[in-house]
Amino acid sequence: MSDRDDPVTIGRRVQQMRSERGLTQRQLAEPAYTPAYISTLEAGRVRPSDEALRHIAERLGIAYDELVTGRPARLATDLRLRLTEAQRTLAGGEAEQAAEQYAALLAEAEGHELVDVQAVALLGLGECALDTGELAAARQYFERTEHALADVPLPARVPALRGRAVSHYLAGELRYAVYLLESALDELNRGGLHDPDALLLLYASIIGPYMDMGAQARAAQAAEFALALAPRSGNPALVARMHRSVARTLLAEGRLAEADASLAKAAELYRTLQIRTELANCHWMRGYVCAQNGELDRAEAELRQALDMLCAGRAALYSSQVAVELADVLHRRGKSDEAAALLHDMLSDALGPERGALHSAAAHRLLGIIAEDAGDTEAAEEHYVRALSMLERAGAAGDLADLCRLLGDLLRRTGRVEAALDAYRTGLGHRTAPGTTTLGPAPAAPPV
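These numbers come from a predicted model, not from an experiment. (Residues numbered from 1 in each chain as written. Predicted model: local features only at pLDDT ≥ 70, side-chain atom pairs only at ≥ 80, totals over all residues. Heavy atoms only, no water.)

Engineer: Describe the overall build of the chain, naming the residues involved and giving the relevant values.
Structural biologist: Helix and strand content of the chain: 22 helices and zero strands. Partitioning the contacts of the chain with sequence separation of at least 6, the portion at a separation of at least 24 is 62%. In the form shown here, the chain has an accessible surface area of approximately 20500 Å², with 50% of it arising from carbon and sulfur atoms. (Helix = DSSP H or I, 4+ residues; strand = E, 2+ residues; numbered from the N terminus. Contact = heavy atoms within 4.5 Å. Areas by Shrake-Rupley, 256 points an atom, 1.4 Å probe, with all protein chains shown as cover.)

Dropping the structure here:
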C-alpha cells in the first residue's frame, strides 16, 4: 500500500507538518474545511480527497506530491543531479569513488522507494565493479538492476543485461555470455525493437566472446553492425558538463522540471561516453583482422586507436584485452621488448586467472613465444603451462589446442619426448577447425 492510499500515514504527516509550522487545526482547515475534519483526518479515520490534500498542501506551503508521498519536492531532482555526478566520476576513471557515490544514492533511493533511481544506481555499481575486476559483485548488481526493471521494455534493460553478460565473459564463461547477448539481439531485431543504442551496446560487447571462441566471421560482422549503428557525437563529456551546470542554476531558481530535463540530457551523454568506450572493441576487431591479413602497420594503428578511446585508468580489463592484441602485433613487427613490457604491465595491473582469464592466458602464451625466440626455454615453458591451466578452466578449445602444440614442440626440442606426446594428445582432444564453434544460428540482423 502506498502512502497516498494509507490515511493513517497521511494523517500523521499532516499533524507533524502542521505542528512544525505552529498552525492550529482551524487555521489549516479554513476556509474550505472544519477543524473537526482536520482532527478526523489527522487521526487517520478518513481518506482525504485529492482536493482536500491540495488545500492542505497549499496551507502548509508545500507541494502536493510532498504531502502525499513524504518526499521533499526537490528530492527526485537532487538525486538525479547526484546520479549525473556519479556518472561523470565513473566516466573519468575513478571507479572506487563513483561506487561510493552510487552506494549512497542507492540507500537513499531505497529509503524513499524511488525504483527508477535505484535501478540507475545499481547499474552504476555494476559498472564500477566491472572496472575494478570484482566480477561476482558486478553480476549481482546487474541481476538486481534487471529485477528492478522487470516491467520495462527490453531496450531499457539492455545495459544491465549486457553488463551481466560481460561479467560472465570476463570470468571465462564464454558460451553463456554469447547466449545472453545473442538472445537479446534476436529478441530486439525479430521483435522490431530497433533501438540503436541498445543494439550498439550488444554488438560491441559480443565481439570479444566471438573472437575467443574462434567465431571470427561473426565477430567481424558484429563489428560492422556496431560501427554502422554508432551515433556521431563531437565531445559528449563537454556537452554533459554544460547540461549539469545549467541544471544547477535552474535548480537554484526552483525550475525543477527544466532542471530535470537538463539532467536527463547530461545522463544520456554520459551513457554515450560508455558507448564510445564500447566502440573501442570495434577498432580492436579491425586491428585483429588486419593482423590476420598481414597488414601489421594498419593493425598497430587500429589497436592503438582502441586503447586511446579508453580513458586513462578506465575499464582496465577492457584496455588489457586490446593491449594483448597490440603486443602480438608489436612482436610480429620486431618490437619484442616493447611487447613484453606491455604484457608484464597488464599482468601485474589488471589481468589474472579470475580477472580476464582468457586474455591473461593469451598474454602468457605470447610471453612464452617471446622467451622461446630469445632462447629462454625455461621461461617459455613456465608461461605456456600457466596459460594452459587458465584455458582448460575456461574451455577455450581452439586456443587450448594451439597452446598444446606450442608446448609439445618446446618439450620435444628439449628432449622430453614422452611429455611432448602428452601435450599433443591433450591438444588433439580439444582440436577444432579455425573459425568454427558449436554456436547455433547467428542472431537476426539489424536494419542497417
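Engineer: Any chance you could break down the environment of Leu-83 for me, citing the residues and the numbers?
Structural biologist: Positionally, Leu-83 belongs in helix α6 (residues 75-91). The buried category is assigned to Leu-83, whose relative accessible area is 7%. A C-alpha to C-alpha distance of 8.9 Å links Leu-83 and Gly-124, two positions 41 residues apart in sequence. Residues in contact with Leu-83, not counting those within four places in the same chain, are Tyr-102, Leu-105, Val-117, Val-120 and Ala-121. (Buried < 20%, exposed > 50% of the residue type's maximum accessible area, 1.4 Å probe, protein only.)

Engineer: So what's going on with the confidence of the model for the chain? Residues and values would help.
Structural biologist: Looking at the chain as a whole, its pLDDT mean stands at 80, while 81% of the residues score no less than 70. The secondary structure element of the chain with the lowest average pLDDT is helix α14 (residues 236-252), at 58, and the one with the highest is helix α9 (residues 135-148), at 94. (pLDDT = per-residue confidence, 0-100.)

Engineer: Describe in detail the side chain of Glu-182, supporting the description with residues and values.
Structural biologist: Its place among the elements puts Glu-182 in helix α11 (residues 174-190). We classify Glu-182 as buried; its relative accessible area is 12%. Side-chain polar atoms of Glu-182 contact the side chain of Tyr-210, separated by 2.4 Å. (Polar contact = N/O pair within 3.5 Å; in protein donor to acceptor, adjacent residues only side chain to side chain.)

Engineer: Quick rundown of the pattern of salt bridges? Include the residues and the values.
Structural biologist: Any two side chains of opposite charge can pair if their charged atoms end up close together. A complete count under the given rule lists 23 salt bridges for this structure. Taking the shortest distance from any N to any O, the salt bridge between Asp-328 and Arg-332 comes out at 3.7 Å. In this pair, Asp-328 and Arg-332 are both assigned in helix α17 (residues 316-332), four residues apart and thus about one turn of the helix distant. According to the relative accessible area criterion, Asp-328 is partly exposed, its value standing at 22%. Given a relative accessible area of 38%, Arg-332 falls into the partly exposed group. One continuous salt-bridge network, built from bridges that share partners, spans Glu-300, Arg-304, Arg-333, Lys-335 and Glu-338. (Salt bridge = Lys/Arg side-chain N within 4 Å of Asp/Glu carboxyl O.)

Engineer: Can you explain the nonpolar core? Please cite residues and give values.
Structural biologist: Grouped together as the largest cluster of nonpolar side chains are 85 residues, with contacts concentrated most on Leu-202, Tyr-203, Ile-207, Leu-343 and Tyr-384. With residues near it in sequence (within four places) discarded, Leu-343 still touches Val-324, Ala-327, Ala-363, Leu-366, Leu-367 and Ile-370. Counting residues in each nonpolar core, the second largest holds 17 residues, with Ala-95, Leu-106, Leu-114 and Leu-125 among its members. (Core = buried A, V, L, I, M, F, W, Y, C linked by side-chain atoms within 4.5 Å.)

Engineer: I'd love a proper account of the packing of helix α8 (residues 115-132) against α9, names of residues and values included.
Structural biologist: α9 packs onto α8 with a crossing angle of 160 degrees between their chain directions and a minimal axis gap of 8 Å. The orientation of α8 relative to α9 falls into the category roughly antiparallel. α8 and α9 meet at a crossing whose hand is left-handed. Taken together, the residues of α9 that come into contact with α8 (itself represented by Val-115, Ala-119, Leu-122, Leu-123, Leu-125, Gly-126, Glu-127, Ala-129 and Leu-130) are Leu-135, Ala-137, Ala-138, Tyr-141, Phe-142, Arg-144, Thr-145 and Ala-148. Taken together, the residues that form the contact of α8 with α9 break down as 13 nonpolar, two polar and two charged. (Axes fitted to C-alpha atoms, helices over the stretch in contact; angles between N-to-C directions. Parallel < 35°, antiparallel > 145°, perpendicular 65-115°, else oblique. Left-handed = near helix turned anticlockwise from the far one by under 90°. Nonpolar A, V, L, I, M, F, W, Y, C, P; charged D, E, K, R; others polar.)

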